[in-house]
Amino acid sequence: RIAAHPDGVTHVVFHRDGSQLLTASYDNTARVHGLKSGKTLKELRGATSHVNMAIYTHDHSKIITASSDRTCRLWAVETGECLQVLEGHTDEIFSCAFNYTGETIITGSKDNTCRIWKDNTFANPGGVQPLEDAEPHATPRGSLETAPADYALQPGFRAANVDMSDSDVEGDDQ
């Protein structure tokens, strides 16, 4: 048994080598626990509301947390340092995922959108440079914002909105 958090645990995931457990909680933190010792190895603080999900990159060098404070945070596993705060959703973020290389993140929110965040720090280290938001639609429809011409020159994770409304699903008329 691991005493993971003083409040409800919202998400759990194993480290790939099985030695650690990553948890997210209503106590506004995510934590890395040693499975043998049962002790908290890292506490990831910064969210101002519930942390709904926490996951590792495939190489387990970074963690992303999704929070009800409308942000995601990117963390260095080794140090527990917050590397970036990803902002742009207008409501709680419930889910997040990395692609296999760890260079792209997708977040899912109660605002009925998914955002795609592309990491360009490998080309030009620096901070977060989110894409400009698209004009809001009067009625939901599928969309993906395209990147500006200087996209590859901007450092950090950048975002694009994806609206996942049912009305635009191909073959929805069946």
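Because the structure is a prediction, the values reported are computed rather than measured.

*Asks:* Mind laying out the side chain of Ser68, listing which residues take part and the relevant values?
*Replies:* In this fold, Ser68 is placed in the loop between β6 (62-67) and β7 (71-76). In this structure the side chain of Ser68 is engaged in a polar contact, spanning 3.0 Å, whose partner is the side chain of Asn52. In this view, Ser68 contacts Ser49, His50, Asn52, Glu92 and Ile93; residues no more than four positions away in its chain are not counted.

*Asks:* Describe the environment of Ala47, naming the residues involved and giving the relevant values.
*Replies:* Tracing the backbone shows Ala47 in the loop between β4 (40-45) and β5 (51-56). Excluding its chain neighbours within four sequence positions, the residues that come into contact with Ala47 are Asn28, Ser67, Asp69 and Arg73.

*Asks:* So what's going on with the sheet that holds β5? Residues and values would help.
*Replies:* In space, the 4 strands of this open sheet follow the order β5-β6-β7-β8, with antiparallel pairing throughout. The sheet is open, and its two edges are formed by β5 and β8 (82-87), each paired on a single side. Strand-to-strand twist in this sheet, taken as the mean axis angle between neighbours without regard to direction, amounts to 20 degrees. The sheet contact formed by β7 and β8 spans 5 bridges and is antiparallel. Note that in β8 the partner of Cys72 across the bridge is Leu86.

Rules and cut-offs
- Residues numbered from 1 in each chain as written.
- Predicted model: local features only at pLDDT ≥ 70, side-chain atom pairs only at ≥ 80, totals over all residues.
- Heavy atoms only, no water.
- Helix = DSSP H or I, 4+ residues; strand = E, 2+ residues; numbered from the N terminus.
- Polar contact = N/O pair within 3.5 Å; in protein donor to acceptor, adjacent residues only side chain to side chain.
- Contact = heavy atoms within 4.5 Å.
- Pairing = 2+ DSSP bridges.
- Axes fitted to C-alpha atoms, helices over the stretch in contact; angles between N-to-C directions.

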